[in-house]
Structures are given as structure tokens and as C-alpha cells.
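Single-letter residue listing:
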Amino acid sequence: MRLTAVTPARPVPLDRIDLYDPARYRSGEQHPAWHTLRAQAPLWAQHTPEGDRFWSVTSYADVSRVLMDDRRFSSAHGTILAVARGDSAGGRTINLMDQPHHASVRLPSMRTMATRLVRERREIVRGHVRRILGEHLASGEPVDFARLMLQLPMAGVGEIIGIPVVDWPAVPRWAMAGVAPSDPEYATGSEADTLRNAHHELMALFAGLIADRRRTRRDDLISVLLDLDYLGRRLDEHELLLNCYSFAMGAITTTPQVASHMVLAFADRPAAYRAVRENPALVPDAIEEALRWASPTNHLMRRTLTRVQVAGQWLDEGELVCAWVGSANRDEKVFTDPYTFDPARSPNPHLAFGVGAHRCIGGPAAQVVLAVLLEELVATCAGFEVAGEVVHLHSNFINGITRLPVRARSAVREGVTR
Ligand code: HEM
């Protein structure tokens, strides 16, 4: 999200704030709205266009409290505002389950994504990243970096999930259409048609892979899902499909956005990029800052399971609460100069991966692929220039960039290789 300076001197009148409207997320104008809410209305009610009321929390403390308390704030109803009426996959896939069902899927799945395992795959991932970057950046011609980065998630977790390399190019497009069906970049007809097509394509792919693993188990997530003990039984076919879908969506809708926001931030701030180039030991901190800066999931929704106090007010059972991660990650009570992109920021307790029981299971794998990407960029590119219009995703859920024309300056040509 391109940011103009946000200062307390520019509060937005509360009656002009609309956190639902997906169009407002294309310009960065939600940052002043979140800033105002943090200062003036820590718990704020709005209705969706269908008339469902949701309560927004925007401070770091309240967002963390809601996400940490999965006994009182349920994920089973749905976690994104677009399906405030209730997600049809609710209760049947890892991110939409409450305990004890959630733990019975999450704990075995974690084995495939553990930090040690994903770090051991670093050089395999590097091979994939080098293939994706290829000669694109070295050519000096403008490249749509947002489009290029759609391939990044499979480089990080394609093999871990169990998706064959031949299928990697098709998966990201359908996954993005699934979260932003109204975006012109991904629409294949009406919103409903696009959603149906996207869903169908991904489900058909996973049905084939599940059938294959039923015959022969492999060392991948799909095989783990097939064998896990789901409170005394196996997951049924539909639950298997939904879980595969969740893992793929979790990776694809988020990882490219961090890469694109990071390169855009570096294009706008050559000194910040130079600092990382000259000291690659900064790469891990720079990636954490890119995660905070991008905050790919703007919000995470929950539903109250009991009467509960939120930001000092009592809410009844059954209320929708939206925790705005994008706002928490700019909370000036936690982050010094939150609207400054500082690749050396430390500590950086951002909430880009969420927090609590549902904290991103793919976080370590995402950190590895993003760090490898940045290592490769600083080794080959002297800097970046934006070479055309930057287009943001039409979505109140994913803080995305759909088009990012970039021209990279070659480190070799400029004689600044390390
Ligand atoms: C930069 C990249 C990523 C970001 C910013 C991100 C963000 C998040 C967030 C905020 C959550 C918490 C959802 C909630 O509390 O309701 C989450 C959960 C999840 N993510 Fe990620 N994610 C990323 C990468 C990945 C990858 C690479 C995978 C693939 C393996 C993945 C799979 C999942 C799954 C399956 C969950 C649900 C976990 C659970 O409910 O226990 N994510 N992610």
C-alpha cells in the first residue's frame, strides 16, 4: 500500500470512515481511518452491505487480545468480512476450526512445516527463486514484479504441500481469483462465475493429488492430512479438499504481496535498499519489516462465543469482531515511527502472521523464501525504479498489489557487486 504521511493532525471524521468498501484499500486511504479509530474509537461498529454488524478493533493490544483468546473468539463462523454471513467451509478446515478439532489437524500438519525442516530446504528454495527471477531483472527492461512474484509461494511450499512442479504456474491465478473475484486482473466473468471457476480448478487439482496419495503416500502435507487422527476418525474427502485449499490459499494470497510491497518500498527509498545491499546481515530484519509494512491480511474476523469485554465495552454472544492487523502493525504505542519503512527495525513484534492458536503455520517457510529472494536481489540488483502504474488489489481482506512494473538496475553494470 503506497502511503502518504499519516499524522494525528489529519483525523478522518468518524462518519466518513468505511472499513468495508474494498475500493478504499487500493489507495492507502485506510491508514488515516485506522489511525483515527486507534485514537478516538477503539471499538467501532459498522454494517456490511448485507446489513450484518461487525465491531472493529484497531489497536495492537486489542487485536492481539482478540486473536489470542480462541476460547471466546471463534474462527468457525468465518474469518473474512466478505463472508460475514458465515463461511460454507466453517468448522471443516484448519483456519476455520475451534478446539479441539483445530489442534487435531494443526499439530500433525506442523511436522511438515517446522522451522528446522524449512531451513534445511533453503538451497532447494534458492534454486527455484533463481529460476523465477531468471534474466527478467538483469535485462534492464521493465518487468511486472507483482506478476512474477505470483510464482514465489510454490517455490517456498509447493513440494511441502505436495503440488507437482508442472502445476505450479496455474495455481496462483486461481487462488487470487478466489479471494478477489471482482478484481479486473483475475475476473473470468461475474463475481460468482469467477469464484466458481477458481474453486473448481483448484479442487480438481487437489482431488487428483489426493487420489494419487491414497495409492502411494509421500513425504508431504497431503499424505499427513490423509493419515491424521481427526478426533477418532480420518478426514473425509471434502474435508481433505478444503484443507489442501486452505494451505494453498494461505501461501499464495500472502507471500507475493510481501515481496511486491518490499520492492516498492525499496524503489521509493534507495537509501534503505543500499543499507541492506551493503550489509546483507540485515536481510532477516528487513524481511520482518517487509512483513509488518505489507501486512498482507488486512483483517481477521472472529465471532464471540460468549458475552465478552472488548476494548472496555461488553459485547453479546454471536457478535462479529474484526481485528485489523494492518492497523495493529502501525500502532504508534508499539512501533516507533510506524509509517517509516526501516529495514533495520528491531525489535519488530509485528502481527502479520497473526498470533495465538491460528498463528500462520507457513510462517517459517514464508520467511525462508522471502529471505532467499532478498539475498538474490541484493546480489544482482543495484536498485529499482517503478516503470509504470502500480495497481492495488480490490479487496478489504488482502493488501495486495496486482501490477508493479519495475526496472532493476544491474549491480554488474553499475560495478557495485559485492
Ligand atoms: C508472508 C506470508 C504469509 C502471511 C503474511 C500469512 C498470514 C497468515 C495469518 C495472519 C494467519 C492467521 C489466520 C487467523 O488467525 O485466522 C495465517 C494462518 C495460516 N496460514 Fe499463513 N501466511 C503466510 C504464508 C503462509 C504459507 C506459505 C502457508 C502455506 C503453507 C500458509 C498457510 C496458512 C494456514 C494453513 C493457516 C491457518 C493456520 C491455523 O488456523 O492453524 N501461510 N497466515
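Rules behind the numbers
- Residues numbered from 1 in each chain as written.
- Predicted model: local features only at pLDDT ≥ 70, side-chain atom pairs only at ≥ 80, totals over all residues.
- Heavy atoms only, no water.
- Helix = DSSP H or I, 4+ residues; strand = E, 2+ residues; numbered from the N terminus.
- Polar contact = N/O pair within 3.5 Å; in protein donor to acceptor, adjacent residues only side chain to side chain.
- Contact = heavy atoms within 4.5 Å.
- Phe/Tyr/Trp six-rings, centres within 6.5 Å; stacked < 30°, edge-to-face > 60°.
- Buried < 20%, exposed > 50% of the residue type's maximum accessible area, 1.4 Å probe, protein only.
- Expected span 1.5 Å × (residues − 1).
- Near = heavy atom within 4 Å.
- Nonpolar A, V, L, I, M, F, W, Y, C, P; charged D, E, K, R; others polar.
- Axes fitted to C-alpha atoms, helices over the stretch in contact; angles between N-to-C directions.
- Parallel < 35°, antiparallel > 145°, perpendicular 65-115°, else oblique.
- Left-handed = near helix turned anticlockwise from the far one by under 90°.
- Donors = N, O, S within 2.8 Å, 3.2 Å for Na, K, Ca; no water.
- Pairing = 2+ DSSP bridges.
- Salt bridge = Lys/Arg side-chain N within 4 Å of Asp/Glu carboxyl O.

- Under an unreviewed UniProt entry, the name given to the protein chain is Cytochrome P450, and the organism recorded is Actinophytocola algeriensis.

## Observations regarding the side chain of E319
Item 1. As for its placement among the helices and strands, E319 is situated in the loop between β7 (313-315) and β8 (320-324).
Item 2. Engagement of the side chain of E319 in a polar contact is seen with the side chain of R53, the distance being 2.8 Å.
Item 3. Non-local contacts of E319, meaning those with residues more than four positions away in its chain, are made with R53, W55, R302, R303 and T304.

## Brief notes about the packing of aromatic side chains
Item 1. Scanning all chains against the criterion turns up eight aromatic pairs.
Item 2. Seen in terms of ring centroids, W293 and F341 are 5.6 Å apart; in terms of plane orientation they differ by 75°. Their pairing is edge-to-face. With W293 in helix α14 (residues 283-294) and F341 in the loop between α15 (325-328) and α16 (363-380), this pair connects stretches of sequence that are 48 residues apart.
Item 3. Residue class for W293 comes out buried when judged on its relative accessible area of 5%.
Item 4. By relative accessible area, F341 is classed as buried at 4%.
Item 5. Taken together, F266, Y273, W293, F341 and F384 form an aromatic cluster joined through their ring pairs.

## Some remarks on helix α9 (residues 191-215)
Helical geometry: 3.6 residues make up each α-helical turn, so side chains three or four residues apart lie on a common side.
Item 1. Compared with an ideal rise of 1.5 Å per residue, which puts 25 residues at 36 Å, α9 spans 37 Å between its outermost C-alpha atoms and is within 8% of the ideal.
Item 2. Where α9 is concerned, the buried positions are T194, A198, L202, M203, L205, F206, L209, I210 and R213.
Item 3. Lining the buried residues of α9 we find α7 (152-161), α8 (171-179), α10 (221-227) and α11 (237-252).

## Looking at the site of the ligand
Item 1. Neighbouring residues of the ligand: 26 residues in total, closest H102, R106, R302, H358 and C360.
Item 2. The side chain of H102 places a nitrogen or oxygen atom 2.6 Å from an oxygen atom of the ligand.
Item 3. Here an oxygen atom of the ligand and a side-chain polar atom of H358 are 2.6 Å apart.
Item 4. Here the shell around the ligand is built from residues that sort into 15 nonpolar, nine polar and two charged.

## Description of the packing of helix α5 (residues 122-133) against α16
Item 1. One way to put it is that α5 packs onto α16 with a least axis distance of 9 Å and a crossing angle of 55°. In terms of their interaxial angle, α5 and α16 are classed as oblique. Remark: the crossing between α5 and α16 carries right-handed chirality. Contact residues: R122, V125, R126, V129, R130 and L133 in α5; V368, V369, A371, V372, L373, E375, E376 and L377 in α16.
Item 2. Residue composition of the contact of α5 with α16, by class: nine nonpolar, no polar and five charged.

## Observations regarding α16
Item 1. With 18 residues, α16 ought to run about 26 Å at 1.5 Å a step, and its terminal C-alpha atoms sit 26 Å apart, in line with that.
Item 2. α16 sits mainly inside the fold: 14 of its 18 residues count as buried.

## Focus on the coordination of the iron atom of the ligand
Item 1. There is one protein donor for the iron atom of the ligand, and it is C360 (SG), at 2.3 Å.
Item 2. When you line up the elements, C360 lands in the loop between α15 and α16.

## Side note on the sheet that holds strand β4 (residues 143-144)
By definition, the strands of a sheet pair up through backbone hydrogen bonds, in either a parallel or an antiparallel sense.
Item 1. The three strands lie next to each other as β4-β12-β9, forming an open sheet whose pairing is antiparallel. Only two strands of the sheet have a single neighbouring strand rather than two, namely β4 and β9 (381-386).
Item 2. Across five bridges, the pairing between β9 and strand β12 (residues 405-410) is antiparallel. Residue pairing for β12: F384 is matched across the bridge by A408.
Item 3. On top of the sheet, helix α12 (residues 255-268) reaches β9 and β12; it is set at about 90° to β9, its chief contact.

## What to know about the pattern of salt bridges
Item 1. Throughout the structure, instances matching the rule amount to 29 salt bridges.
Item 2. Linking D52 and R85 is a salt bridge whose minimum nitrogen-to-oxygen distance equals 2.9 Å. Of the two residues, D52 sits in the loop between β1 (43-47) and β2 (53-57) while R85 sits in the loop between β3 (73-74) and α3 (101-113), which places them 33 residues apart along the sequence.
Item 3. Of the charged contacts in the structure, one is a salt bridge between D62 and R65, with a shortest N-O distance of 3.0 Å.

## Quick word on the pairing of β2
Item 1. Counting buried residues along β2, four of its five residues qualify, which places the element largely inside the surrounding structure.
Item 2. Inspection of the sheet shows β1 paired to β2 by five bridges, in the antiparallel sense. Looking at β2, one finds that W44 is bridged to S56.
Item 3. Two successive antiparallel strands, β1 and β2, enclose a turn made up of five residues, where G51 displays a positive phi of approximately 95°.
Item 4. Sheet topology places β2 next to β8; four bridges connect them, and they run parallel. In the strand pairing of β8, V57 is matched with A323.

## A few points about the pairing of β8
Item 1. With five of five residues buried, β8 is to be regarded as a mostly interior element.
Item 2. Residues of β8 alternate between two faces, with L320, C322 and W324 on one and V321 and A323 on the opposite face, all of them buried.
Item 3. Pairing of strand β5 (residues 299-304) with β8, which is carried by five bridges, proceeds in the antiparallel orientation. The residue bridging R302 from the neighbouring strand is V321, located in β8.

## A closer look at the environment of P49
Item 1. Mapping P49 onto the fold places it in the loop between β1 and β2.
Item 2. Along the primary structure P49 and D21 are separated by 28 residues, whereas in three dimensions their C-alpha atoms are 8.9 Å apart.

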